[in-house]
Amino acid sequence: KSLTFFCMLFKSYLVTLVLATRSTAFSASLFSSKSSLKSSKHFKTSAAALMSAADPHAFLEDVLGDESLKWVKEQNDKCIAAVGDPTETDRFKRILSILDSKDKIPSVSQIGTPTKNGMYYNFWQDDKHVQGIWRKTTLESYKTGEPEWHTVLDLDALDPPTTGTASTWVWHGSTLLNEGEASTWDRALISLSPGGSDADTTREIDLLTEKFISAEEGGFTMPTAAKTSIRYRSRDEVLVGSDFDGKGTDMTDSGYARVIKSWKRGTPISEAKTVFEAEQADIAGSQYAYHDRGFVHEFQHRVITFYTSKYWYRALSAKQVSSVSAADETAPFLPVPIPEDAEISTFAGEAMITLRTDWKGFKAGALLTAPMSDIVADDWSNVKSLFEPTPRKSLSSKTTTKEFVVLSVLEDVRTTLVVYKYEAGTFTLQESPGGDAVPVGQDVAVSNVNRVPHNNELFLWRDGYLVPDTLELVPDVNDMLSRVPLKAKPAMFNAEGLIVEQHFATSADGTKIPYFVMRKSGYAGFKFDGSNPTLLDAYGGFEISMLPGYSAGVGAGWLEKGGVKVIANIRGGGEYGPSWHQAALKANRFKAYEDMEAVAADLIERKITSPPKLACIGGSNGGLMVGNLITRPISSKLFGAAVCQVPLLDMKVYSHLLAGASWMAEYGDPDKPEEWKFLRRHSAYHLLRHDNLGLPEEGAPEGAEECKGSPDWVCPKVLFTTSTRDDRVHPGHARKMVRSLLEEAQPKGKAPVVQYWENTEGGHGGAADNKQRAHMWALTYEFLAQQLGLE
């Protein structure tokens, strides 16, 4: 949790990755699609199809085109010349030292059992391991101040990638071979991305010899970077979805795997047999089998939209799944009769269903359980509820051990843990393990000790905006209050005199919007006179919650200098469950931006800050939010500066670029006239060029008024950042917006300061290693400090 934004991006990335198996207890797989930056052909085709005389900036959609890269280099050079070289600043050195610090708590998880492998694994990056190492230790050693680590895989020692602009490997994780009780925990599939793109390569590793298993030795190897979905079904079989022919025919319109094949060890992938196909218009398809507390479950899964799915299910025995391939198995798949927007996982023989809309008398956001055999028989007589939401309370997450389910419940963005024990086919509520919710601005979370739970151990994490992380071991969930302290991160910035407070702003429709403020106390010299440089951060999409966490980068780069940081829990997120998210979907997207305007106005009314001293920041979907805030009539007057990171901005073409089609359930389909009509209202690129600058618009919604421009609009001082290697949100969004601001708005005096920085690596996170991350954040804070007058 060194940097709040990267935590948010990681959560966002998990939302995307887990689509293939988001509803199953087996969540170790990686989600992916077609070859993306394997070549520039895909981008040139997309750009050419969408270019028109009305958009003189569309050539920048050609990601790797010579003209595009020349423009990028020119803007990068101008940005550094104007803001200064961030690597020469104290901020860069502080942030890099934080990211590389040996005092960070290494997050570990056990692979195997005490008698089978049983080591605790961690992925680590620092100044000596720039790309990172996958390493392991014992629990006894981990408890010490100086654990003895053994390196399993050193990414810096690998031959570098040769894909496009990529020169480094980025760790995308490991998928274990789980054979249930027979597991020896000796195999894993390793996913490595060239340069940080979502597209990655796959290699199989022997965890005992710690060597890759080559294709010649029968290893499952996919050396060409692609957005591939691959997971073990048994020791000698994987289920794989990818761009098998390199032409995209096996992918969905969203660019994810559509065709799933059974691939047997020792055979060429060309001989793999198709076992499942999703539809072309779906987001993705998948098939997966896994062991779960003595049961074996196998699902087929169509991801229809980002929030709707269809499932088919069959129960297998351990012998069946290990001896009969998916292509040869004759047991039929049965449809799972749950709402299309519900999510399903399993616990032993029980189904666990999370609702997103009201159903059978249960509210949206409820967590239900019933025997899996009853579910496929459409028998709901034994359904029970483990959680029921209220207007202020929602289910944030659930974590399972061998016999327990631990729920993280939010109430006004404060977490409480709720525990159930599973025994004799029944879940029983346990006595509250921690009493009331955590203090304002703090959080508590639990995580599994073991990658596949075989006991009732848990890790318990605590931290807050101003409170460094601590890690404790809970040896048995039966007694959550008996904990063994393991690690405590030292303070990485000076928080003396700083406080956290929570306020609620009233949005345009009367909805109360919570937000957190980190600032100096009155005792430390804070004055309510509107003079305080303030950075307002939010996300507001995809049901992702912005929860408190220790932000050492924010502390060192902003708070220590006297800046104020604000986190707004606006609609579109998940802080109050599905209804909070759905309130800002599609035609109601504007409500998220009204929420931001309400929070900004509240900060100004409280005299915490004033428009010249207030900036907004957001990335990805949050970048779309920032794009709207700097182009909307009201909000553009509330902010003096803005930082827009890896953004969506041109909502007319977003669904045709990279993974954009997968987000139409969130935003809408611009190719449908009735949906483009409301999408147009929050397409920042169109708000800029047509509503504010009065430029002619091709393809304006029917009945739309002629754009005459907005004489009063002026863009806040703005920095855009993105990545050439971002194969999720197309960098063309940011490029085109910046070129329009520079060439069409700035000559009219409408855009006083516009800066642009594009990293040639980094993927959707914007950076591939710690130096790149420190560079991006030091540049961001230097820009903001200069524009808001922070010393």
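Before reading further, recall that the structure is shown in the block above.
What you see is a predicted model; the values in this text were computed from it and never measured.

How each quantity is defined
- Numbering of residues begins from 1 in every chain and follows the order in which that chain's sequence is written.
- The predicted nature of this model means local features are confined to residues of pLDDT at least 70 and side-chain atom pairs, given and counted, to a pLDDT of 80 or more, with totals for whole chains, interfaces and linings taken over all residues.
- Hydrogens and water are ignored here; the side-chain numbers use all heavy atoms of the structure.
- Classification of residues uses two cut-offs on accessible area relative to the type maximum, computed with a 1.4 Å probe and protein chains only: under 20% is buried, over 50% is exposed, and between them is partly exposed.
- Elements are defined by DSSP. Helices are runs of H or I of four residues or more, strands are runs of E of two residues or more, and each kind is numbered from the N terminus.
- The pairing criterion for strands is at least two bridges between them, as found by DSSP.
- Here a helix's expected span is defined as the number of its residues, less one, multiplied by 1.5 Å.
- Only the contacting stretch of a helix is used when fitting its axis, a line to C-alpha atoms as for every element, and angles between N-to-C directions run 0 to 180 degrees.
- In these notes the angle categories are as follows: under 35 degrees is roughly parallel, over 145 is roughly antiparallel, 65 to 115 is roughly perpendicular, and the rest is oblique.
- The hand of a helix crossing depends on one turn: near helix anticlockwise from the far one by less than a right angle means left-handed, and clockwise means right-handed.
- The contact criterion used is simple: two residues touch if any of their non-hydrogen atoms lie within 4.5 Å.
- Only Asp, Glu, Lys and Arg are considered charged in this grouping, and only Ala, Val, Leu, Ile, Met, Phe, Trp, Tyr, Cys and Pro are considered nonpolar; every other residue, Gly among them, is considered polar.
- Residues belong to a common nonpolar core when they are buried Ala, Val, Leu, Ile, Met, Phe, Trp, Tyr or Cys residues joined through side-chain atoms within 4.5 Å.

Novice: Now, about the pairing of strand β18 (residues 343-347): what can you tell me, with residues and values included?
Specialist: Counting buried positions along β18 yields four of five residues, so the element is predominantly enclosed. Relative to strand β19 (residues 350-354), β18 runs antiparallel, the two sharing five bridges. Bridging from a neighbouring strand, Ile344 pairs with Ile353 of β19. Hairpin connection, β18 to β19: the antiparallel pair is bridged by two residues, and Ala348 has positive phi, about 55°.

Novice: Now, about helix α17 (residues 770-788): what can you tell me, with residues and values included?
Specialist: Side chains that are three or four residues apart share a direction in an α-helix, a result of its 3.6 residues per turn. Taking 1.5 Å of rise per residue, 19 residues should cover 27 Å, and α17 covers 26 Å from first to last C-alpha, within 8% of that figure. For α17, the buried fraction is high: 17 of the 19 residues fall into the buried class. Count one or two residues on from α17 and you reach Gly789, which has phi positive near 80°.

Novice: Before we move on, could you go through unusual backbone geometry and cite the residues and values that matter?
Specialist: Although it is not a glycine, Lys360 sits at a positive phi angle of roughly 50°. Inspection of the secondary structure puts Lys360 in the loop between β19 and β20 (367-371).

Novice: Summarise the packing of helix α4 (residues 90-100) against helix α8 (residues 552-559); cite the residues concerned and give the values.
Specialist: Between α4 and α8, the least distance of the axes is 9 Å, while the angle of their chain directions is 165°. Here α8 runs roughly antiparallel to α4, going by the angle between their axes. In the crossing of α4 with α8, the sense of the turn from one axis to the other is right-handed. Between α4, through Arg91, Arg94, Ile95 and Ile98, and α8, the contact on the second element is made entirely by Ala552, Gly553, Ala556 and Gly557. Looking at side-chain class alone, the contact of α4 with α8 contains four nonpolar, two polar and two charged residues.

Novice: An account of the nonpolar core is needed here, citing residue identities and associated values.
Specialist: Membership of the largest hydrophobic core comes to 121 residues, with the highest contact counts inside it found for Phe720 and Leu741. No other element matches α17, which puts 10 residues into this core. Once residues lying within four places of it in the same chain are set aside, the contact partners of Phe720 are Ile630, Cys644, Leu649, Ala734, Met737, Val738, Leu741, Gln755, Tyr756 and Trp757. Membership of the second largest hydrophobic core comes to 21 residues, among which are Tyr311, Ala342, Ile344 and Leu355.

Novice: Give a detailed account of the environment of Trp558, specifying residues and quantitative values.
Specialist: Along the chain, the position of Trp558 falls in helix α8. Residue classification places Trp558 among the buried positions, given a relative accessible area of 0%. Residues Trp558 and Lys273 lie 285 residues apart in sequence; the distance between their C-alpha atoms is 55 Å. Once residues within four sequence positions are removed from consideration, Trp558 is found in contact with Pro533, Thr534, Leu535, Gly553, Gly563, Val564, Lys565, Tyr781, Leu784, Ala785, Leu788 and Leu790.

Novice: How would you sum up the sheet that holds strand β17 (residues 334-335)? Please name residues and give values.
Specialist: With antiparallel pairing, the four strands of this open sheet are ordered in space as β14-β15-β16-β17. With one partner strand each, in any of the chains shown, β14 (284-292) and β17 form the two edges of the open sheet. Where strand β16 (residues 308-316) and β17 come together, two bridges link them in antiparallel fashion. Considered in β17, the bridge of Tyr313 is made with Leu334.

Novice: Run through the sheet that holds strand β4 (residues 150-154), naming residues and quoting values.
Specialist: Strand order in the open sheet formed by four strands is β1-β2-β3-β4, and the pairing between neighbours is antiparallel. Every other strand in the sheet has two partners, leaving β1 (109-113) and β4 as the edge strands with one partner each. Here the average twist between neighbouring strands, direction ignored, is 25°. Of the pairings in the sheet, the one linking strand β3 (residues 133-137) to β4 comprises four bridges and is antiparallel in character. What sits directly across from Arg135, in β4, is Thr151.

Novice: Explain the pairing of strand β7 (residues 200-206) to me, and be specific about the residues and the numbers.
Specialist: The side chains of a regular strand alternate, first on one face of the sheet and then on the other. Burial runs high along β7: six of the seven residues are buried. Across six bridges, strand β6 (residues 187-194) lies against β7 in antiparallel orientation. Residue Ala188 lies in a different strand from β7, and its bridge partner there is Ile205. Counting the residues that bridge the hairpin from β6 to β7 gives five residues, and of these Gly195 lies at a positive phi of roughly 75°. When β7 meets strand β9 (residues 222-226), the two strands line up antiparallel, connected through two bridges. What sits directly across from Asp200, in β9, is Ala226. The pairing of β7 with strand β8 (residues 211-213) spans three bridges and is antiparallel. Bridge pairing links Ile205 to Phe212 in β8. Linking two consecutive strands that pair antiparallel, namely β7 and β8, is a turn of four residues; a positive phi of about 60° is found at Glu210 within it.

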